[in-house]
Amino acid sequence: MSKAAAAQPSFWKRSHHLDRMTLRELVAAYFQHYTILCYLALTAGSIMLFVLRPATVIQTTGIVVLIALAYPLVWYMLHRWVLHCHWMFKVPALAAVWKRIHYDHHQDPNHLEVLFGALYTTLPTLLIVSALPGWLIGGAGGAAAGFATGLLCTCFYEFFHCIQHLAYKPRIRWLATMKVRHMEHHFHDENGNFGITNFAWDRLFGTLYTRADRPAKSPTVFNLGYTAEIAAIYPKVAELSGGVATGHPRRRS
């Protein structure tokens, strides 16, 4: 190994930005990230538990269908009313959590390391919204089936979320449209287009929009309403972030 290679930090010690990566590089990064490895390991463990304590075919089918159909609604609700909330940064004990789970992602939408969810928030949520309903329907085997389904849905969402931030236009029409809606959420107006792979709930709740619908760009698209004025009152997030995000991340000094 050359001295230059030896001096190069390990993969996840370096910073990665999706707008500078290829799809091949993303796939390699995706399957090396600890959150994805954890999800896949827990999925394997859930399958093993299901084999040991299986639910019935009808119970299992119902659980898998229920979790898969409910997942877009659960994501919409969490994204709109938790990740984009204006109360977590006001609570010192929760400010760092809010910063990590979504503020950092909006500060720099293409920063891969903070795009992936934080395990200390995603895993308890998945236990509640997927394992618990599974257990109520089919006991231990049902909980395992529900948890595995939720974990795989999360892996699917995380991968397509990453794809939407790559600097390319997808050839598949629905994926291209999905990318445009999500880029509008990040770079035009954060108060809408809360879905990732499914915008049906945005349509139902009236939060689906195109740039033509909202010509004016939101002044808080990169800071989620955590402005300098708000930071003066609730400074924790600004202290942790080295200031308040303003303007496009590639044009900041």
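This structure is a prediction, so every number in the text was calculated from the model and none was measured. (Residues numbered from 1 in each chain as written. Predicted model: local features only at pLDDT ≥ 70, side-chain atom pairs only at ≥ 80, totals over all residues. Heavy atoms only, no water.)

Asks: Kindly report on the packing of helix α2 (residues 23-30) against helix α7 (residues 119-164), identifying the contributing residues and their values.
Replies: Closest axis-to-axis distance for the α2/α7 pair is 11 Å, and the angle between their directions is 145 degrees. Considering the relative orientation of α2 and α7, their crossing is right-handed. Taken together, the residues of α7 that come into contact with α2 (itself represented by Leu 23, Leu 26, Val 27 and Tyr 30) are Cys 155, Phe 156, Glu 158, Phe 159, Cys 162 and Ile 163. The residue inventory of the contact of α2 with α7, partitioned by class, reads nine nonpolar, no polar and one charged. (Axes fitted to C-alpha atoms, helices over the stretch in contact; angles between N-to-C directions. Helix = DSSP H or I, 4+ residues; strand = E, 2+ residues; numbered from the N terminus. Left-handed = near helix turned anticlockwise from the far one by under 90°. Contact = heavy atoms within 4.5 Å. Nonpolar A, V, L, I, M, F, W, Y, C, P; charged D, E, K, R; others polar.)

Asks: I'd love a proper account of the side chain of Ser 130, names of residues and values included.
Replies: Here Ser 130 lies in helix α7. A polar atom in the side chain of Ser 130 sits 2.4 Å from the backbone oxygen of Leu 126. Once you skip the residues sitting within four places of it in the chain, Ser 130 turns out to touch Ile 67, Gly 146, Phe 147 and Gly 150. (Polar contact = N/O pair within 3.5 Å; in protein donor to acceptor, adjacent residues only side chain to side chain.)

Asks: Can you lay out the packing of α7 against helix α8 (residues 173-187) for me, pointing to particular residues and giving the numbers?
Replies: α8 packs onto α7 with a crossing angle of 75 degrees between their chain directions and a minimal axis gap of 9 Å. Relative to α8, α7 is oriented roughly perpendicular. When α7 is examined against α8, the residues Phe 160, His 161, Ile 163 and Gln 164 are found in contact with a partner set consisting of Trp 174, Leu 175, Met 178, Lys 179, His 182, Met 183 and His 186. Of the residues contributing to the contact of α7 with α8, the split by class is six nonpolar, four polar and one charged. (Parallel < 35°, antiparallel > 145°, perpendicular 65-115°, else oblique.)

Asks: How would you explain the environment of Glu 113 if you had to name every residue and give the values?
Replies: Assignment of secondary structure puts Glu 113 in helix α6 (residues 112-115). Each C-alpha atom of the pair Glu 113 and Leu 18 lies 9.8 Å from the other, and the pair is 95 residues apart in sequence. From its side chain, Glu 113 meets the backbone nitrogen of His 16 in a polar contact 3.1 Å long. Within the local environment of Glu 113, its side chain forms a polar contact with the side chain of His 111, the two groups lying 3.3 Å apart.

Asks: Could you give an account of the environment of Pro 235, naming the residues involved and the relevant values?
Replies: Within the secondary structure, Pro 235 is located in the loop between α10 (228-233) and α11 (236-241). We classify Pro 235 as partly exposed; its relative accessible area is 35%. The spacing of Pro 235 and Lys 90 is 145 residues in sequence and 8.7 Å in space, taken between C-alpha atoms. (Buried < 20%, exposed > 50% of the residue type's maximum accessible area, 1.4 Å probe, protein only.)

Asks: Got a sec to walk through the pattern of salt bridges? Specific residues and values, please.
Replies: Inspection of every chain in the model, using the stated rule, returns three salt bridges. Lys 99 is the partner of Asp 104 in a salt bridge, and the nearest nitrogen-oxygen pair spans 2.8 Å. Judged by its relative accessible area of 13%, Asp 104 is buried. Given a relative accessible area of 14%, Lys 99 falls into the buried group. With its nearest N and O atoms 3.1 Å apart, the salt bridge here joins Arg 214 to Asp 189. Highlighted residues: Arg 214 in the loop between α9 (200-205) and α10 and Asp 189 in the loop between α8 and α9, separated in sequence by 25 residues. (Salt bridge = Lys/Arg side-chain N within 4 Å of Asp/Glu carboxyl O.)

Asks: Help me get a handle on the confidence of the model for the chain, residues and values and all.
Replies: As a general rule, the predicted coordinates of low-pLDDT regions are not to be interpreted in detail. Looking at the chain, pLDDT values average 91 and 93% of them are 70 or higher. Low pLDDT (under 50) marks residues 4-8, which in the prediction has two contacts with non-local residues, meaning those over four places away or in another chain. (pLDDT = per-residue confidence, 0-100.)

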